[in-house]
Amino acid sequence: MIDTHAHLHFPQYDKDRDKIIEECNQKLDAVVTVGCNFEDSKKALALADSNYKIYGTAGIHPHDAVNYDLNIKESLKNLLQHEKTVAVGEAGLDFYRNLSPKEKQEEIFRLQIELAREFEKPIVIHTREASTEMSEFIKTEMEGVKGIIHCFNGDKELLETALKHGFFISYAGPVTYPKNEFLRETLKNVPSSRLLVETDAPYLSPQKFRGKRNHPVYVAYTIKTIAEYLGLNFSDVDRITTVNAKRIFNLPMTKEEKSPKLVYKVRNTLYINLTTKCPCHCTFCFRGKEDYVLGYNLNLDREPIAEEYMYRIKNPGIYDELVFCGYGEPFERFDALCKIAEWIKKMGAKKVRVNTNGLGYLITNDKKILDKLKGLVDSFNISINASTPEEYYKIVRPSFGKGSFESVLKFIQDAKKAGFEVVISAVDIEDFDKNAFIQFAKKLGVNWKIRNWKVI
Ligand code: SF4
């Protein structure tokens, strides 16, 4: 677990800081203690120097912007050269408390954007009652700058803009408050590869400790709420957010976290990642853009042999389901798929599924693929993503060109006839006609699943 935003160097911890840090050392992988002005950033970095699990940031909070002018840039540069400085900030805009004039806040924020660009470090963004202005900044002045929206407050316009620009979204204690359903709802729009957690300690304690001083280890309550809301295990959200924090802050990663995964577990399902090849170019696909999905690096740098998968799967019987699904199309490696599926069934797998784009006939040029998979695979999830050929070619963009849609349809019908369980799926991108897709599935006599487009 990593608390990506706390203020451990604040006076609220003066009396028992050692004890708090000891508890952090026991329970957390790291804490980022965030500076709010020049002097405060120096304190943050001094604390970072004192403990190997603490990292610091250097920046000027919008509340403090009034005390600075452009001359602060050179001094901040010195702090940004410190080896444990992992980000610029806390920087941003706060038009709620307005403790600094608007123009001053913008000037000091702009200065910090330049520093983030120059030092190639992420910028930790505070934004309150300023979503429109912040979205505008992101769109027009932050190209090429990495960012984190700290303590995200649920504003949808800001979320969309931030995600489009590759920013990370950090949730704090308020996501645990019973009334904040609107905030929890936004979790469904944040890709797993961009999700972070924080405490903002000593402030914003989670529900269980509301009104009391916050503690970085309470980040576990935020993780727990997110896991429950997204239907994931605690360990899944812990892994996802820990790896993401290490990626954005450039913290040391373990070999396990860095290396591409052949198999990966989410809840009690084991996924088998055969290849990165795929003949489609879906408009929403993250393949080639993000290596990490659900806290795992899925970007294979080679195509391992079937036995390497068997070695890693070990005991297929312990999983609820085994699913051929990774960053590519399983039918691209049909022989390996059959060999592994045969072995996992023999070894007691309860259920075996293949997540496919449905182009197996065209990929293998073999009309007997379904016969070969009988008894080895129980179900197919076929991501057709459209209910008409026009929509299909616009969204999926298969390299086989014309005839692809018809080939997928034939695969769906044949699989159903052959007794496989078939689900067709689509991603709910902008302008996607959900009702037409449901009618289409009903007509085909198969179940359907529509996924939120940003959740992967
Ligand atoms: S079929 Fe899947 S892997 Fe292939 S491009 Fe589409 S989303 Fe990506």
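Residues numbered from 1 in each chain as written. Predicted model: local features only at pLDDT ≥ 70, side-chain atom pairs only at ≥ 80, totals over all residues. Heavy atoms only, no water.

Per an unreviewed UniProt entry, the protein goes by TatD DNase family protein and derives from Desulfurobacterium atlanticum. UniProt, in its Sequence similarities (unreviewed entry) section for the protein, records the words "Belongs to the metallo-dependent hydrolases superfamily. TatD-type hydrolase family." Its UniProt record, at the heading Cofactor (unreviewed entry), says of the protein: "[4Fe-4S] cluster". (UniProt positions renumbered as here; feature names shortened; annotations may be inferred.)

**A short note on the overall build of the protein**
A tally of helices and strands in the protein yields 17 helices and 17 strands. The C-alpha radius of gyration computed for the protein amounts to 24 Å, which stays within 12% of the reference 23 Å derived for 456 residues, consistent with globular compactness. Principal axes of the C-alpha set define a box for the protein whose edges measure 75 × 45 × 40 Å. Counting all 456 residues of the protein, 59% fall into the buried class. A separation threshold of at least 6 residues defines the contact pool for the protein, and within that pool the share at least 24 residues apart is 74%. Accessible surface, the protein: about 20000 Å² in total, of which carbon and sulfur atoms supply 48%. (Helix = DSSP H or I, 4+ residues; strand = E, 2+ residues; numbered from the N terminus. Rg over C-alpha atoms; globule rule 2.2 N^0.38 Å. Buried < 20%, exposed > 50% of the residue type's maximum accessible area, 1.4 Å probe, protein only. Contact = heavy atoms within 4.5 Å. Areas by Shrake-Rupley, 256 points an atom, 1.4 Å probe, with all protein chains shown as cover.)

**With respect to the sheet that holds strand E17 (residues 447-452)**
To summarise the sheet geometry, strands pair through backbone hydrogen bonds and adopt either a parallel or an antiparallel arrangement. The strand order across the open sheet formed by seven strands is E9-E10-E13-E14-E15-E16-E17, and the pairing between neighbours is mixed. Two strands close off the open sheet at either side, each with one partner strand: strand E9 (263-266) and E17. Neighbour to neighbour, the strand axes of the sheet diverge by 25° on average, direction disregarded. Lying on the sheet, helix H12 (residues 334-346) is in contact with strand E10 (269-272), strand E13 (321-324) and strand E14 (352-356); it crosses E13 at an angle near 175°. The sheet strands contacting helix H17 (residues 434-444) are strand E16 (421-428) and E17, and the helix crosses E17 at an angle near 155°. (Pairing = 2+ DSSP bridges. Axes fitted to C-alpha atoms, helices over the stretch in contact; angles between N-to-C directions.)

**Brief notes about the site of the ligand**
Around the ligand, the structure places Cys278, Cys280, His281, Cys282, Phe284, Cys285, Arg287 and Asn357. When its residues are assigned to classes, the shell around the ligand shows five nonpolar, two polar and one charged. (Near = heavy atom within 4 Å. Nonpolar A, V, L, I, M, F, W, Y, C, P; charged D, E, K, R; others polar.)

**Description of the sheet that holds strand E7 (residues 168-171)**
One open sheet accounts for eight strands, arranged E1-E2-E3-E4-E5-E6-E7-E8; its pairing is parallel. Lying at the two open borders of the sheet, with one neighbouring strand each, are strand E1 (2-6) and strand E8 (195-197). Across the sheet, the axes of successive neighbouring strands diverge by a mean angle of 30°, strand direction being ignored. By the bridge criterion, three bridges tie E7 to E8 in an arrangement that is parallel.

**Digging into a negative patch on the surface**
A surface patch of negative charge is lined by Glu136, Glu157, Glu160, Glu430 and Asp431. Tracing the backbone through its elements, the reader meets Glu157 in helix H6 (residues 156-164). (Patch = residues over 30% accessible without salt bridge, like charges linked within 9 Å, V, L, I, M, F, W, Y side chains within 5 Å. Salt bridge = Lys/Arg side-chain N within 4 Å of Asp/Glu carboxyl O. Lys, Arg positive; Asp, Glu negative; His and termini not counted. Charge placed at Lys NZ, Arg CZ, Asp CG, Glu CD.)

**Topic: the nonpolar core**
With 79 residues, the main nonpolar core has Phe109, Ile123, Met142, Ile149, Ile169 and Tyr171 as its most contacted residues. The biggest single contributor to this core is helix H4 (residues 102-119), with seven residues. When residues of this core are assigned to domains, at least three map to each of domain 1 (2-253) and domain 2 (259-452). Apart from residues no more than four positions distant in its own chain, Ile149 is found in contact with Ile125, Thr127, Ile138, Leu158, Ala162, Phe167, Phe168, Ile169 and Ser170. Ranked by size, the runner-up nonpolar core spans 59 residues in total, among them Leu270, Val422, Phe437 and Ala441. (Core = buried A, V, L, I, M, F, W, Y, C linked by side-chain atoms within 4.5 Å. Domains from an automatic or database assignment.)

**Looking at the packing of helix H5 (residues 131-141) against H6**
At their nearest, the axes of H5 and H6 sit 9 Å apart, and the two run at 15° to each other. The orientation of H5 with respect to H6, classified from their angle, is roughly parallel. As H5 runs across H6, the sense of the crossing is left-handed. Counting all contacts with H5, which are made through Ser131, Thr132, Met134, Ser135, Ile138 and Lys139, the residues of H6 involved are Glu157, Leu158, Thr161 and Ala162. Class assignment of the residues belonging to the contact of H5 with H6 gives a composition of four nonpolar, four polar and two charged. (Parallel < 35°, antiparallel > 145°, perpendicular 65-115°, else oblique. Left-handed = near helix turned anticlockwise from the far one by under 90°.)

**A few points about the packing of aromatic side chains**
According to the stated counting rule, one finds 19 aromatic pairs in the structure shown. Between the aromatic rings of Tyr392 and Phe405, the centroid separation amounts to 5.3 Å while the plane-to-plane angle is 55°, which identifies the pairing as tilted. One end of the pair, Tyr392, is in helix H15 (residues 389-395); the other, Phe405, is in helix H16 (residues 404-417), and 13 residues separate them in sequence. One exposure class covers both Tyr392 and Phe405, and it is buried. Note on Phe405 and Phe440: the rings are 6.2 Å apart at their centroids and 20° apart in plane angle, and the pair reads as stacked. With Phe405 in helix H16 and Phe440 in helix H17, this residue pair connects regions lying 35 residues apart in the sequence. Residue class for Phe405 comes out buried when judged on its relative accessible area of 4%. Taken together, the aromatic side chains of Phe331, Phe334, Tyr361, Phe380, Phe411 and Phe420 make up a single cluster linked through ring pairs. Just above the ring of Tyr55 sits the side chain of Lys84; from NZ or CZ to the centre is 4.8 Å. Across the ring face of Tyr311, the terminal group of Lys314 is positioned such that the distance to the ring centre comes to 4.3 Å. (Phe/Tyr/Trp six-rings, centres within 6.5 Å; stacked < 30°, edge-to-face > 60°. Lys NZ or Arg CZ within 6 Å of the ring centre and 35° of its normal.)

**A few points about the side chain of His215**
Checked against the element boundaries, His215 lands in the loop between E8 and helix H8 (219-230). The buried category is assigned to His215, whose relative accessible area is 7%. A polar atom in the side chain of His215 sits 2.6 Å from the side chain of Glu23. When residues no more than four places from it in sequence are discounted, the contact partners of His215 are Tyr13, Ile20, Glu23, Cys24, Thr199 and Ala201. (Polar contact = N/O pair within 3.5 Å; in protein donor to acceptor, adjacent residues only side chain to side chain.)

**Quick word on unusual backbone geometry**
Working note: non-glycine residues mostly have negative phi, and peptide bonds are mostly trans. Cis geometry is adopted by the peptide bond preceding Glu90, which originates at Gly89 and carries an omega value of 25°. Secondary-structure assignment places Glu90 in strand E4 (residues 85-94). For the peptide bond that leads from Ala201 to Pro202, omega is 15°, which places it in the cis range. Mapped onto the elements of the fold, Pro202 is located in the loop between E8 and H8. Phi is positive for Glu120, which is not a glycine, with a value near 50°. If you trace the backbone, Glu120 turns up in the loop between H4 and strand E5 (123-128). Looking at Glu120, the relative accessible area reads 66%, which means it is exposed. For Arg397, which is not glycine, the phi torsion reads 50° and is therefore positive. With respect to the secondary-structure elements, Arg397 resides in the loop between H15 and H16. A relative accessible area of 40% means that Arg397 is categorised as partly exposed.

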